[in-house]
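Chain and residue survey
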Amino acid sequence: IGTSSIVDIRAVIEEGAVIGEHCVIGPGVVIHSNVIIGNNCVIKANSVIGSEAFVPWGIDLTCNLTSLGSVILEDGVGIGALCSVDRGLIGATIIKAHAMLDNMVHVGHDVEIGKNVVIAAQAGLAGFVQVDDMATLGGQVGVVPFVHIGAHARISGKSLVHCDVKPYEIWSGNP
């Protein structure tokens, strides 16, 4: 835990997590192992960073795939209350510098969120999604796996993103 960082007494930080300088970790936050948090990051109440990736087991409940990856939050990332960021299944889940996640946002495994991206409340990104720099996702946006959202793209609230979005495009609705 870096100098001048404030970690609420009710937060849980697992062994193997790294927290940079001047961070604020709120009450009830859980930071699992294999998580690296840069400097000047804020994680608000009851968010979970680095949990196991969701893998549908199907009928065979004995199948137990574990997340081998990590989570990397670069400098200046803000994460609202009740967010979840899954650890990468095979690589890293990365949230780049100065990205902001509103309350109740889910970031799936192996996702990469670019610099200065803003994601509004109740949005969900499935695994292997890539969101490029300066993109904006409105509230309750859903993004299916393996989609690439280009730089400066804007997705209106309650939209479904089911295929790639080119840079500077504006999407709205549910096809």
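These figures come from a predicted structure and were not determined experimentally.

Of the two faces of strand β9 (residues 70-73), only the one carrying V71 and L73 is buried; S70 and I72 on the other face are not. Pairing analysis gives four bridges linking β9 to strand β12 (residues 92-95), with the strands arranged parallel. In the strand pairing of β12, S70 is matched with A92.

The next subject is the side chain of H109. Among the structural elements, H109 can be located in the loop between β14 (106-107) and β15 (112-113). Beyond its immediate sequence surroundings of up to four residues, H109 is in contact with A53, F54, D86, R87, G88, L89, T93, G127 and F128.

Relative to the helices and strands, Q130 resides in strand β18 (residues 130-131). Residue Q130 is classed as partly exposed on the basis of its relative accessible area, which comes to 31%. Remark: the alpha-carbon pair of Q130 and H148, spanning 18 residues in sequence, is separated by 4.7 Å. Apart from residues no more than four positions distant in its own chain, Q130 is found in contact with E112, V147, H148 and I149.

What follows covers the sheet that holds strand β4 (residues 24-25). Strand order in the open sheet formed by nine strands is β1-β4-β7-β10-β13-β16-β19-β22-β24, with parallel pairing between adjacent strands. Looking at the sheet topology across the chains shown, the edges are occupied by β1 (6-7) and β24 (170-171). In this structure, β1 lies alongside β4, joined through two bridges in parallel fashion. For V7, the partnering residue across the bridge sits in β4 and is I25.

Calculation criteria
- Residues numbered from 1 in each chain as written.
- Predicted model: local features only at pLDDT ≥ 70, side-chain atom pairs only at ≥ 80, totals over all residues.
- Heavy atoms only, no water.
- Buried < 20%, exposed > 50% of the residue type's maximum accessible area, 1.4 Å probe, protein only.
- Helix = DSSP H or I, 4+ residues; strand = E, 2+ residues; numbered from the N terminus.
- Pairing = 2+ DSSP bridges.
- Contact = heavy atoms within 4.5 Å.

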